[in-house]
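# Observations on the three-dimensional arrangement
Residue-level listing of the chains:
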Amino acid sequence: MRNVKTLGLLGTGVIGGGWAARALHFGLDVIAADVKPEMEQWIRGAVANAEPALARLTFAPLPPKGTLSFTTDFKAMAEAADFIQENIPEQLALKQRVLSEVSRHAAADVIIASSTSGLTPTDLQRDMWAPERFCVAHPFNPVYLLPLVELVGGAKTAPAAIEAAAKFFTYIGMHPLRVRHEVPGHLTDRLQEALWREILHLVNDGIATTGELDESIVYGPGLRWAAMGTNLIYHLAGGESGMRHMLAQFGPCLKWPWTKLEAPELTETLIDRMVAGTQAEAAGRSIRELERLRDDSLVAVQQVLRQYDIGAGSTLRALEERLYRDAAAANPEGAVVGGKPLRLVDTVVRPEWIDYNRHMSDFRYGQVFGDAMDSLYRQVGVDEAYRATGRMYYSVETHVKYLGEAKVGEALYVTTQLLDLDDKRLHVFHRLHRGRDDALIATDEQMHLHVDTAAAKASAVDPVVRRKLESIRLDQAQLPRPHEAGRSIGQLT
Ligand SMILES: NC(=O)c1ccc[n+]([C@@H]2O[C@H](COP(=O)([O-])OP(=O)(O)OC[C@H]3O[C@@H](n4cnc5c(N)ncnc54)[C@H](O)[C@@H]3O)[C@@H](O)[C@H]2O)c1
C-alpha cells in the first residue's frame, strides 16, 4: 500500500468536511469530489470553522498545512489520490454503484474506505474492482477532533489493507478500532442506538424531556465515559469483587427489564417533542455556536486525559510523540536554524487562560515557557524514551519578566536562545512574542540541571543529547547576549 500524501474524498458534507480538516491540519493534501459544485464553498467553510479548535489541540511541531482542491469529477479525484475516503449518503445501492465506478479509476494499491455508519463492507465491496483494498473506516462527528475510527473488513478485504488503513489513520492522530466481525452498525453505533432508542421511548411516553435525559448523561455517566468505558466502570462499581459482584447485584434487573428493545414509532408527536426539546436546550444558540462550544470542550477534555495517559488522551500523546519524532528526524543535528533563536512554540491565548482583567494569567506565561522547553528537549532527544532510562533535566531557577499583555484569542510564539551548557547545566533564555505585532511581551531566563531521577542527584547528560545542544549553541554563538540575562529582580531598564 502506498505512502499517503493526498487524501481523496468522495462526498463533502458534514463527514467529508471533517476528514478534510483533519487531513489538511496534519500536512496532507486533500482533493475533494462532490456531485454538487456548491459544496466547494461549503467544504472550505467547514475547514475554516474547524481550524480554531484544531489549532489548540497540540503544541507539537506540525508540518506545513496541506492544500485543498475541489472537483465535481470523481475520476480526477480517484486518479490523484493515494487513499480514498467515501462519505456519500447512507444508501446501499448508491454507495455500491459509486464505489464500483471509483474503484475502476484508482490504482490497485490505493485503499478505498467508506465512512458508512452501519452498512457492511461485504455488501459495499460487492461490485468493486480490486475489492481487497476496501474497508469500512467509520469516524465520528466532529471527525477533526474525535480520534475513534472503526475499521471493518469484508469477505474480500485483505488483512494488509486493514493494517495499512490503521497506519494511515494513526498517522493523522486517530485511534483505529479493529472490528473483528462485520455486523450492521459496527460496534459504536449499536451502543449509541440502544441509548437513543431508550431516549425516544422515554420522550414518547412523556416520562422525560430531551433536556432532562441529556442532563442524566452529562452530569454523570458522560464524564466517566471519557476515561473508561461502561464495562470497566461497572467493574469499579462492584467494589472489591468487581464485575462478579456487579452482575450478582444488578444482573436480575436485566430480566425485569428496565429497557425496551424495539424503537417506538416515529409519530409526528414524538418528532415534535424531540425537536421542541432540543430547541429548548439550544436556548437560542445557533448550530455554529454550539459546535464551537462542543469543540472547545472536546479539546480541553483531551488535554486533561493526556496528562493521565488514558483514552483519547493516550492517542493525543502518541500523536505528539510522532510529531516531535518527525520534527527531530527532519533535523538530526538538533534544531539548528541558522544563527537565530529557535521558534519552538506557536499558540493562541485560550479562554481558560485569562484572569479577571481579561489578560493572560501569570502562571500561563510559565506554562507557555514550559512548553517551549519541552519542545526543545524533544528536539534534542530528551523524550519519553529518554525519561524512561531514569534521566531528565529539572528546572532549578527561573526569572520571568512581564513586559506586555495578551488577550484571549491572540496568537503567541516563543523563541529560545541557548546561553550556556556543560555536562550538567543548561542555561536558556526564552522570549514570548505576540503574533499580531511581534511585540515582546515576556522573557524568561532559566537554568536546568540534568539529573539521575532514581538517585535524585545531578548527573552527566547523554553525549548524543549534549552534542545536539552544543550544535544549537554554536549556531547561536553570534547572537548578542540578551541584556535582561543575569539581572536581579527590580532592575527596571
Ligand atoms: N453525520 C454523521 O454524524 C456521521 C458520522 C459518521 C459517519 N457518517 C456517514 O458518513 C456518510 C456521509 O454522511 P454525511 O452526514 O456527511 O452526509 P451529508 O448529506 O452531509 O453529505 C453527503 C454528501 O455526498 C454528496 N454526494 C451524494 N452523491 C454523491 C456522489 N455520487 N458522488 C459524490 N458526492 C455525492 C452530497 O452532495 C453531499 O454533499 C454516510 O455514510 C454516513 O452514514 C455520518
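Read on for an overview of the structure. Everything quoted here is computed from the prediction, not taken from an experiment.

### Points about the pattern of salt bridges
The tally for this structure, following the rule as stated, stands at 29 salt bridges. For E193, the salt bridge identified is with R197, shortest N-O distance 3.6 Å. Placement of the pair is E193 and R197 together in helix α7 (residues 188-204), with a separation of four residues, close to one helical turn. Look at E193 and you get partly exposed, because its relative accessible area is 45%. For R197, a relative accessible area of 17% gives the class buried.

### What about the sheet that holds strand β8 (residues 175-179)?
The strand order across the open sheet built from eight strands is β3-β2-β1-β4-β5-β6-β7-β8, with neighbouring strands paired in mixed fashion. One side of each edge strand has no neighbouring strand; the edge strands of this open sheet are β3 (68-71) and β8. Here the average twist between neighbouring strands, direction ignored, is 25 degrees. Here strand β6 (residues 134-138) pairs with strand β7 (residues 148-152) via three bridges, running antiparallel. Paired with H138 across the strands is E150, a residue of β7. Sheet strands touched by helix α6 (residues 159-171): β1 (6-10), β4 (83-86), β5 (111-114), β6, β7 and β8. Its angle to β7, the strand with the most contacts, is close to 170 degrees.

### So, the site of the ligand
In the neighbourhood of the ligand, 21 residues make up the surrounding shell, with I15, D34, E90, K95 and S117 lying closest. Within the backbone of I15, an N or O atom sits 2.9 Å from an oxygen atom of the ligand. The side chain of K95 places a nitrogen or oxygen atom 2.6 Å from an oxygen atom of the ligand. Alone, the ligand offers 840 Å² of accessible surface; in the complex the protein occludes 77% of this. For the shell around the ligand, the secondary-structure elements that each account for two or more residues are α1 (14-25) and α4 (92-103).

### Details of the nonpolar core
Core analysis: the biggest nonpolar cluster contains 46 residues, and V30, F83 and F169 have the highest contact counts within it. The element that contributes the greatest number of residues to this core is α6, accounting for seven residues. Ignoring anything within four residues of it in the chain, the contact list for F83 reads V4, T6, L7, G8, V110, I111, A113, A165, F168 and F169. Within the second largest apolar cluster, 34 residues are counted, among which are V349, M360, L412 and L421.

### Section: unusual backbone geometry
In the segment running from N141 into P142, the intervening peptide bond is cis, with an omega of 0 degrees. You can see P142 is positioned in the loop between β6 and β7. For A130, which is not glycine, the phi dihedral falls at a positive 50 degrees. Counting through the fold element by element, A130 comes out in the loop between α5 (121-124) and β6. Even without glycine at this site, D438 takes up a positive phi of about 60 degrees. Along the chain, D438 turns up in the loop between β12 (425-434) and β13 (440-452).

### Examining the side chain of S361
Positionally, S361 belongs in the loop between β9 (342-348) and α15 (362-379). We classify S361 as buried; its relative accessible area is 12%. Residues within four places of S361 in sequence aside, it is in contact with W353, I354 and D355.

### Quick look at α1
The end-to-end C-alpha distance of α1 is 17 Å, a good match for the 16 Å that twelve residues give at a rise of 1.5 Å each. Looking only at α1, the buried set comprises G16, G17, G18, W19, A20, A21, R22, A23, L24 and H25. Two residues or fewer past α1, G27 is found with a positive phi of approximately 95 degrees.

### Quick notes on the packing of α7 against helix α8 (residues 210-218)
In the contact formed by α7 and α8, the axes pass within 10 Å of each other and the chain directions differ by 140 degrees. On the basis of their axis angle, the class for α7 and α8 is oblique. At the point where α7 passes α8, the crossing takes the right-handed sense. Residues L195, I199, L202 and V203 of α7 form the contact with α8, whose own contacting residues are T210, L213 and I217.

### Regarding empty space enclosed by the protein
Under the defined criterion, the tally for this structure stands at two cavities of 30 Å³ or more. Taken together, R22, L57, L145, P147, G173, Q302, A312, T315, L316 and L319 form the lining of the largest cavity. Per-element tally for the lining of the largest cavity: the top contributor is helix α14 (residues 312-329), with four residues. Class assignment for the residues of the lining of the largest cavity results in six nonpolar, three polar and one charged. Lining the second largest cavity we find H399, K401, F429, T443, E445, E484 and R487. Elements represented by at least two residues in the lining of the second largest cavity include exactly β10 (391-402) and β13. Counted by class, the lining of the second largest cavity contains one nonpolar, two polar and four charged residues.

Thresholds, definitions, all that
Throughout, residues of each chain are indexed from 1 in the direction in which the sequence is written. In keeping with the predicted nature of the model, local features appear solely for residues at pLDDT of at least 70, side-chain atom pairs appear and are counted solely at 80 or more, and the whole-chain, interface and lining totals rest on all residues. For the side-chain quantities, the full set of heavy atoms in the structure was used; hydrogens and water were omitted. The term salt bridge refers to a side-chain nitrogen of Lys or Arg lying within 4 Å of a carboxyl oxygen of Asp or Glu. Numbering goes from the N terminus for both helices and strands, where a helix is a DSSP run of H or I of at least four residues and a strand is a run of E of at least two. Per-residue accessibility, obtained with a 1.4 Å probe over protein chains only, is compared with the maximum for each type, and a residue is labelled buried under 20%, exposed over 50%, and partly exposed between these values. A pair of strands is labelled paired if DSSP reports no fewer than 2 bridges between them. Fitted lines through C-alpha atoms give the axes, limited to the stretch in contact for helices. The angle between two N-to-C directions lies from 0 to 180 degrees. Throughout, a residue-residue contact means that at least one pair of heavy atoms, one from each residue, lies within 4.5 Å. Nearness of a residue to a molecule or strand requires only that one of the residue's heavy atoms be within 4 Å of it. The definition of a polar contact used here is a pair of N or O atoms within 3.5 Å, where within protein one atom must be able to donate a hydrogen and the other to accept one, and adjacent residues in sequence count solely through side-chain atom pairs. With residues, only the protein chains shown are counted as cover, and all accessible areas are computed by Shrake-Rupley using a 1.4 Å probe. Put simply, buried Ala, Val, Leu, Ile, Met, Phe, Trp, Tyr and Cys residues joined by side-chain atoms within 4.5 Å make one nonpolar core. Multiplying 1.5 Å by the residue count of a helix minus one yields the expected span of that helix. In this scheme, roughly parallel covers angles under 35 degrees and roughly antiparallel covers those over 145, while 65 to 115 is roughly perpendicular and the rest are oblique. Left-handed describes a crossing in which the near helix is turned anticlockwise from the far one by less than a right angle; the clockwise case is right-handed. Detection works on a 1 Å grid of protein atoms alone, calling trapped sets that fit a 1.4 Å probe cavities and calling open sets with protein on both sides within 12 Å along at least five of seven lines pockets, with lining residues defined by an atom within 4 Å of a point. Grid points are joined across faces, edges and corners, and a volume is the space filled by probe spheres set on the points. Each residue is assigned to one of three groups, with Ala, Val, Leu, Ile, Met, Phe, Trp, Tyr, Cys and Pro labelled nonpolar, Asp, Glu, Lys and Arg labelled charged, and all others, Gly among them, labelled polar.

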